[in-house]
Amino acid sequence: MGIKIGFIGTGNMGASILKGIIRSGFAGPEDIYVFDADKGRMEALAEETGVAACCDNAELVRMSDYIILAVKPAVVPQVLSEVKGSFTDTKVLVSIAAGISIDMLKKHADRSIKIVRTMPNLPLMAGEGMTVISFGEHISEEEKKVVKDLFRGSGEAEELDEKLMNAVIALTGSSPAYIFMMIEAMADGAVQQGIPRKTAYRLAAQTVLGSAKMVLETGLHPAELKDQVCSPGGTTIEAVEALEKHGFRNAVMSAMKACTARALEIGRSLESR
């Protein structure tokens with residue numbers, strides 16, 4: 001294809017997106033460049049995948065058409081100050097940093113460049129990620145397709161208005177933590193009843209996976225699927241009543257509100273820099 005892709009940051013998320021791109025065949029290792037302040041981590045990824053390690057961020061930007069900014073939000077201003085002179089009108093910056101708006105990225109880049117804001121989540125490490133994408137100005141339909149394809153190597157990708165991105169952090173970005181806690185709690189309850197822990201984790205995780213697949217593949221409302229499991233006078237309706245008594249839905253909704261509020265707070269703190 002000839003498209004050159006650069007990764008600033010080779011942590012769990014950046015490395016997983018990179019491997020997904022190679023796995024999907026969208027781009028080969030010869031078309032991918034990486035840089036990370038942690039030289040050992042960068043060199044290990046380059047050796048594992050065959051991609052090229054750059055000497056600094058500015059070199060990476062010069063070599064790449066699409067630059068994936070995969071660093072922590074607090075580091076973004078510093079990184080963009082290092083590379084702003086290397087951007088041209090043809091390059092596309094793709095940020096995965098939580099809480100940092102397109103306007104803020106423009107401010108720190110100190111020029112009008114093509115910017116995409118994304119929110120991927122941890123399951124992309126297993127090839128089942130959900131990445132939500134918001135596009136800035138002057139990005140062509142072909143460029144939008146390329147960005148979506150970059151993430152589809154690790155799961156699904158969907159476009160959404162940027163004003164909803166902080167809520168998306170709570171819905172898809174942080175929510176794997178809620179699911180992991182639920183799996184752990186289900187397994188704890190099973191262990192209490194005598195099921196071996198390793199078996200309990202496996203059974204609980206597969207049940208969550210299968211339930212999610214049913215929602216996606218049947219197109220039925222989650223409440224309708226729930227009703228299919230709840231037989232009159234049966235065991236499941238008793239469990240549902242216990243969950244309702246202990247505020248299960250309210251706990252999840254409150255968690256999402258708190259998460260969204262924190263995302264807004266992070267964004268405001270970075271705006272004041």
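Everything below is about the structure shown above.
Definitions and limits used
- Residues numbered from 1 in each chain as written.
- Predicted model: local features only at pLDDT ≥ 70, side-chain atom pairs only at ≥ 80, totals over all residues.
- Heavy atoms only, no water.
- Salt bridge = Lys/Arg side-chain N within 4 Å of Asp/Glu carboxyl O.
- Helix = DSSP H or I, 4+ residues; strand = E, 2+ residues; numbered from the N terminus.
- Expected span 1.5 Å × (residues − 1).
- Buried < 20%, exposed > 50% of the residue type's maximum accessible area, 1.4 Å probe, protein only.
- Contact = heavy atoms within 4.5 Å.
- Pairing = 2+ DSSP bridges.
- Right-handed = clockwise from strand over helix to strand, strands pointing away.
- Axes fitted to C-alpha atoms, helices over the stretch in contact; angles between N-to-C directions.

Chemist: Go over the pattern of salt bridges, please, and point to the residues and values.
Modeler: With the rule as written, the count across this model stands at 15 salt bridges. A salt bridge links Glu 48 to Lys 19; the nearest nitrogen and oxygen atoms lie 3.1 Å apart. Here Glu 48 is found in helix H2 (residues 39-49), whereas its partner Lys 19 is found in helix H1 (residues 12-24), with 29 residues between them in sequence. Connected via shared salt-bridge partners are Lys 145, Asp 149 and Arg 152.

Chemist: Describe helix H12 (residues 248-271), listing the residues and the values that go with them.
Modeler: For H12, with 24 residues, the first-to-last C-alpha span of 35 Å sits near the 34 Å given by 1.5 Å per residue. What H12 keeps buried is the set Cys 259, Thr 260, Ala 263, Gly 267 and Leu 270. As for H12, its buried residues are in contact with helix H5 (102-109), helix H7 (165-173) and helix H8 (175-192).

Chemist: How would you sum up the pairing of strand E4 (residues 66-69)? Please name residues and give values.
Modeler: Working note: regular strand, side chains alternate between the two faces of the sheet. The alternating pattern of E4 places Tyr 66 and Ile 68 on one face and Ile 67 and Leu 69 on the opposite face, and all of these are buried. Sheet topology places E4 next to strand E5 (residues 92-95); four bridges connect them, and they run parallel. Bridged to Tyr 66 within E5 is Val 92. Crossover connection from E4 via helix H4 (residues 76-83) to parallel E5: handedness right-handed.

Chemist: Which residues make up the side chain of His 108, and what are the values?
Modeler: Here His 108 is to be found in helix H5. When its relative accessible area of 14% is taken as the criterion, His 108 is described as buried. If we skip the residues at most four places from it in the chain, His 108 touches Pro 77, Leu 80, Ser 81, Lys 84 and Leu 270.

Chemist: How would you summarise H7 if you had to cite specific residues and measurements?
Modeler: Met 165, Asn 166, Val 168, Ile 169, Ala 170 and Thr 172 are the residues of H7 that are buried. Elements in contact with the buried residues of H7: strand E6 (114-119), strand E7 (129-135), H8 and H12.

Chemist: So what about the environment of Arg 268? Which residues, and what values?
Modeler: Within the secondary structure layout, Arg 268 lies in helix H12. Residues Arg 268 and Asp 161, spaced 107 residues apart in sequence, show a C-alpha to C-alpha distance of 19 Å.

Chemist: Before we move on, could you go through the sheet that holds strand E3 (residues 52-53) and cite the residues and values that matter?
Modeler: Here we have eight strands laid out as an open sheet, ordered E3-E2-E1-E4-E5-E6-E7-E8, and mixed in their pairing. With partners counted over all chains shown, the strands left at the sheet margins are E3 and strand E8 (155-159), one partner each. Note that strand E1 (residues 5-8) and strand E2 (residues 32-35) share four bridges and pair parallel. Considered in E2, the bridge of Phe 7 is made with Val 34. Along the sheet face, H2 touches E2 and E3 and points at about 160° away from the line of E2.

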